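# Architecture at a glance
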Amino acid sequence: MFNRIHLIVLDSVGIGEAPDADQFNDKGTHTLKHTLECKTGAFKNLESLGLGCIDVLPNIGCTTEPKAFYTKMQEISQGKDTMTGHWEIAGLNIETAFKTYPNGFPDELIDQIKEKTGRGVVCNLPASGTEVIDEFGEHHMETGDLIIYTSNDPVLQIAAHEDIIPIEELYGICEIVRELTMEDEFLVGRVIARPFVGPRKGAFKRTGNRHDYALSPFSDTVLNVLKNAGFDTISVGKISDIFNGSGITEALRTKNNMDGIDKLLTVINKDFKGLSFTNLVDFDAEYGHRRDPEGYFDALVDFDNRLPEIIEALRDDDLLIITADHGNDPTHTGTDHTREYVPLLITSKKDLKYGEINKRSSFADIAATIAENFEVQYHTHGKSFLKEIL
Ligand SMILES: O=P(O)(O)O[C@H]1O[C@H](CO)[C@@H](O)[C@H]1O
Ligand SMILES: [Mn+2]
Ligand SMILES: [Mn+2]
């Protein structure tokens, strides 16, 4: 039994096509392999945990003495977006996919947004966030129109220049749009504020003031059960947003992956009992969606370099779990997530019989394990692996 569990989600770090990848047009995808084969580098810490034993990977060999339990997990939910992945990790099975809008949002919704905000709307199509600000940024600066766009994910994103629509006003607009898209009719997973700055096309840059407005999970996750039982459930990064704050006792916001690790270290170093849950989003947002394998590679190097600090900070009765929420192969067509297995690495300061454990048929096995460890009653389809590691 562990006093505390630290769960880190490396956002989008998938480890090869899932059995149902063809239904998502993701046959042949492999985020880790395709990222790691773009150049050479050393990942000795991830290697020592056994990451290279889960699948054959360039630059990361399979160590004969892994310092973690390792395997891969399959997603059972209908969807490959961040909310679906995290909600499944926390115990749910999302059987009805959120709605996506490949042709833009319907007129009745856009009309309501215009009416309620008093602003015009441009774009209203699936697009890349860095490209839309270049394409519509100057128009937006002249007119104050909202740049609304989406992706293959169930998201409605609103880009606005910080000097044209001050951040607080943009957040207010997002809250209005969140209200409008709650209902089954539209069922948008997340509304996202995407503020940017800069003088002109080509020089626009998104800022760290992104803010996500998610739906609350449709039923209790293991986070709710832990919180209700008096445990701490501490969010680092966008976890709290992904769960709309539901089941979270404390939330630390982060600027980037390295800041996320700094914040996680402050959490590990303080006294609490329960779960810390960290999301490192740069892999996905900065490199996966941008189809930038070199940048993705460097972000993995940076994470690998910080791993010893995290492991050293663990207390004797802490458990560390590292996984991902979906893939985002930076060499695949398009700019969207990819349906992949995700790696599962589990380690601690204890002298356990580290090595391979059974492949998991749902991300929810993590929730089942957490519930069993903290001895709380939680009904999930997930199967605990606690006995496989003790
Ligand atoms: O292109 P940008 O704005 O980064 O959008 C990305 O961010 C969204 C939310 O993570 C994803 O659905 C993807 O579309
Ligand atoms: Mn994600
Ligand atoms: Mn994403």
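How each quantity is defined
Residues numbered from 1 in each chain as written. Chains lettered and ligands numbered in written order. Predicted model: local features only at pLDDT ≥ 70, side-chain atom pairs only at ≥ 80, totals over all residues. Heavy atoms only, no water. UniProt positions renumbered as here; feature names shortened; annotations may be inferred. Near = heavy atom within 4 Å. Polar contact = N/O pair within 3.5 Å; in protein donor to acceptor, adjacent residues only side chain to side chain. Areas by Shrake-Rupley, 256 points an atom, 1.4 Å probe, with all protein chains shown as cover. Helix = DSSP H or I, 4+ residues; strand = E, 2+ residues; numbered from the N terminus. Nonpolar A, V, L, I, M, F, W, Y, C, P; charged D, E, K, R; others polar. Domains from an automatic or database assignment. Contact = heavy atoms within 4.5 Å. Buried area = accessible area lost by both parts, 1.4 Å probe. Salt bridge = Lys/Arg side-chain N within 4 Å of Asp/Glu carboxyl O. Buried < 20%, exposed > 50% of the residue type's maximum accessible area, 1.4 Å probe, protein only.

An unreviewed UniProt entry lists the chain under the name Phosphopentomutase, with Phocicoccus pinnipedialis as the source organism. The record in UniProt for the chain states the following under Sequence similarities (unreviewed entry): "Belongs to the phosphopentomutase family."

Next up on the list: the site of ligand 1. Residues in close proximity to ligand 1 total 14 residues, the closest being Gly129, Tyr149, Asp153, Arg206 and Arg290. Interatomic distance of 2.5 Å between a side-chain N/O atom of aspartate 153 and an oxygen atom of ligand 1. Take arginine 194: an N or O atom from its side chain is 3.0 Å from an oxygen atom of ligand 1. Look at ligand 1: alone it shows 350 Å² of surface, and the protein chains cover 98% of it. The set of elements that each furnish at least two residues to the shell around ligand 1 consists of strand 5 (155-161) and strand 6 (190-197). No other element matches strand 6, which puts 3 residues into the shell around ligand 1. Of the residues in the shell around ligand 1, the class split is 3 nonpolar, 5 polar and 6 charged.

Split into domains, the chain comes out as domain 1 (4-92 + 217-389) and domain 2 (107-214). Relative to domain 2, the C-alpha centre of domain 1 lies at a distance of 29 Å. Every contact between the two is made by 13 residues of domain 1 and, on the other side, 14 residues of domain 2. Both sides of the domain 1 and domain 2 interface together cover about 1200 Å² of buried area, and 49% of this is carbon and sulfur. The tally of links from domain 1 across to domain 2 stands at 0 salt bridges. Inspection of the region where domain 1 meets domain 2 yields 4 residue pairs in polar contact (both at pLDDT 80 or more). Those elements that place two or more of their residues in the side of domain 1 that touches domain 2 are helix 4 (82-89) and helix 9 (239-242). For the side of domain 1 that touches domain 2, the class distribution of residues is 3 nonpolar, 4 polar and 6 charged.

Below, the discussion takes up helix 4. Of all the 8 residues making up helix 4, 8 are buried; the element is thus mostly covered by neighbouring parts of the structure. Within helix 4 the residues assigned to the buried category are Thr82, Met83, Thr84, Gly85, His86, Trp87, Glu88 and Ile89. One side-chain oxygen at the N-terminal end of helix 4 lies 3.2 Å from the backbone nitrogen of methionine 83; it belongs to aspartate 81.

Take the UniProt feature "binding site: Mn(2+) 2" (unreviewed entry) in the chain next. The feature "binding site: Mn(2+) 2" (unreviewed entry), as given by UniProt, occupies Asp284, His289 and His337 in the numbering adopted here. In summary, the annotated positions, though distributed over 54 residues, converge in three dimensions, the widest C-alpha pair being only 8.3 Å. With respect to the helices and strands, aspartate 284 occurs in helix 11 (residues 282-288). Excluding its chain neighbours within four sequence positions, the residues that come into contact with aspartate 284 are Asp11, Ser12, His289, His326, Asn328 and His337.

What follows is about the pattern of salt bridges. As a working rule, side chains carrying opposite charge can pair if their charged atoms are close by. Inspection of the entire model under this criterion finds 18 salt bridges. When the shortest N-O distance is used, the salt bridge between arginine 4 and aspartate 318 registers 2.7 Å. Taken together, the residues arginine 4 in strand 1 (residues 4-10) and aspartate 318 in strand 12 (residues 318-323) connect sequence positions 314 residues apart. You'll find arginine 4 and aspartate 318 in the same group, each marked buried. Salt-bridge contacts for aspartate 26 lead to lysine 80; the nearest nitrogen and oxygen are separated by 2.7 Å. Linking aspartate 26 in the loop between strand 1 and helix 1 (31-36) with lysine 80 in the loop between strand 2 (69-73) and helix 4, this pair joins segments that are 54 residues apart in sequence. As far as burial versus exposure is concerned, aspartate 26 and lysine 80 are alike and both buried. Beyond isolated ion pairs, a larger network of salt bridges with shared partners links Asp20, Glu75 and Arg339.

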